[in-house]
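A look at the structure
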Amino acid sequence: MPETIITVQGSARGEYAPERAVLTFTLAGDGPEREPVVADVAAALERISAVLRDHHDPQTGPVAAWSTDRVSVAGQRPWSSTGEQLPLVHRASVGGRATVSGLDALPALVDALAAEPLATIDGIEWMLGEGRRTAVLTEVRSRAVKDAVTKATVFAQSIGLGSVTALALADPGMLGDQGQGEGPTPHLSRITMMGGDPRSPGISLRPEPIVIEAAVDARFAAR
């Protein structure tokens, strides 16, 4: 009896609690005189840097790493609503980011930034730790392969054939078929801020699970 070739795509999905958060922020101010504007932003940067230094420990956290850019300064003459060019305005700004491994400390760090008048919280990206991410990718990929085997077995049995033998496994699209799908991809989770105004004290942060998905194309022979 000739072999029957069965080609399928297996997939799997997992949800995992974040272990880290990357907090990005900007400090910015403007005014008619360059020196006071730069001084105000530099002072704000030193206050925020002091908070981050106090919490920084690469091994135990809660701030595993942090960095800031250089203060940049630009000047421009804005236009009024009537088309009149207004006096020169100087603007100084600096961006920064902090990787927080102790998520229990994240609300306090957000509060410290929110209390700084020149600070804007640009966003929070939730992440898995490097070791955990490698482990869950392996797990999800393995489940995707098992899903492909299950699908192929069902197809074979539905036409009266027996067990299947794997001929090829590949990332989606690499078997030369017109399959669709993506390889393992961590989907950025969203941030939920409880309590309204992000500048108010006592802000509560609740991350959504990080979603990891994987797909695999597989070809089997069945008799």
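Look up a bit, the structure's there.
In short, a report on the structure. (Residues numbered from 1 in each chain as written. Predicted model: local features only at pLDDT ≥ 70, side-chain atom pairs only at ≥ 80, totals over all residues. Heavy atoms only, no water.)

Here's the deal with the overall build of the protein
Per the secondary structure count, the protein includes 3 helices and 11 strands. Sequence-ordered secondary structure for the protein, helices as α and strands as β, is β-β-α-β-β-β-α-β-α-β-β-β-β-β. Taken over 223 residues, the protein has a buried fraction of 33%. Total accessible area on the protein stands at roughly 12700 Å², and carbon and sulfur atoms take up 52% of it. (Helix = DSSP H or I, 4+ residues; strand = E, 2+ residues; numbered from the N terminus. Buried < 20%, exposed > 50% of the residue type's maximum accessible area, 1.4 Å probe, protein only. Areas by Shrake-Rupley, 256 points an atom, 1.4 Å probe, with all protein chains shown as cover.)

A look at the environment of Val136
Mapping Val136 onto the fold places it in helix H3 (residues 130-158). We classify Val136 as buried; its relative accessible area is 0%. Along the primary structure Val136 and Glu213 are separated by 77 residues, whereas in three dimensions their C-alpha atoms are 10.0 Å apart. Setting aside residues up to four positions removed in sequence, Val136 forms contacts with Tyr16, Leu128 and Ile212. (Contact = heavy atoms within 4.5 Å.)

Overview of the nonpolar core
With 44 residues, the main nonpolar core has Val8, Leu27, Leu106, Ile124, Trp126, Ile212 and Phe220 as its most contacted residues. Where this core is concerned, the elements lending two or more residues are strand S1 (4-16), strand S2 (20-31), helix H1 (34-55), strand S5 (89-100), helix H2 (106-114), strand S6 (119-127), H3 and strand S11 (210-222). (Core = buried A, V, L, I, M, F, W, Y, C linked by side-chain atoms within 4.5 Å.)

Focus on H1
Between its first and last C-alpha, H1 extends 32 Å over 22 residues, near the 32 Å set by a 1.5 Å rise per residue. What H1 keeps buried is the set Val37, Val41, Ala44, Leu45, Ile48, Ser49 and Leu52. Down the axis, H1 shows its buried residues gathered within 140° of arc, on one side only. Along H1, the residues that are exposed and aim more than 90 degrees away from the buried face are Glu35 and Asp54. (Expected span 1.5 Å × (residues − 1). Arc of directions from axis to C-beta.)

Remarks on the pattern of salt bridges
Any two side chains of opposite charge can pair, so long as their charged atoms come close to each other. Inspection of every chain in the model, using the stated rule, returns 8 salt bridges. Note that Asp30 and Arg91 form a salt bridge whose closest N and O atoms lie 3.4 Å from each other. Of this pair, Asp30 sits in strand S2 while Arg91 sits in strand S5, and the two are 61 residues apart along the sequence. The partner of Glu116 in a salt bridge is Arg47, with the nearest N and O atoms 2.9 Å apart. With Glu116 in the loop between H2 and S6 and Arg47 in helix H1, the pair connects residues that are 69 residues apart, well separated along the chain. Residue class for Glu116 comes out buried when judged on its relative accessible area of 6%. Beyond isolated ion pairs, a larger network of salt bridges with shared partners links Arg13, Glu15 and Glu213. (Salt bridge = Lys/Arg side-chain N within 4 Å of Asp/Glu carboxyl O.)

Notes on the environment of Glu19
With respect to the helices and strands, the residue Glu19 is situated in the loop between S1 and S2. Glu19 sits 111 residues away from Glu130 along the chain, and the two C-alpha atoms are 9.6 Å apart. Aside from chain neighbours lying at most four places away, what touches Glu19 is Val100, Ser101, Leu103, Met127, Leu128, Gly129 and Arg132. A distance of 2.7 Å separates a polar side-chain atom of Glu19 from the backbone nitrogen of Gly129. (Polar contact = N/O pair within 3.5 Å; in protein donor to acceptor, adjacent residues only side chain to side chain.)

Such coordinate-based values are descriptive only and should not be taken to indicate function.
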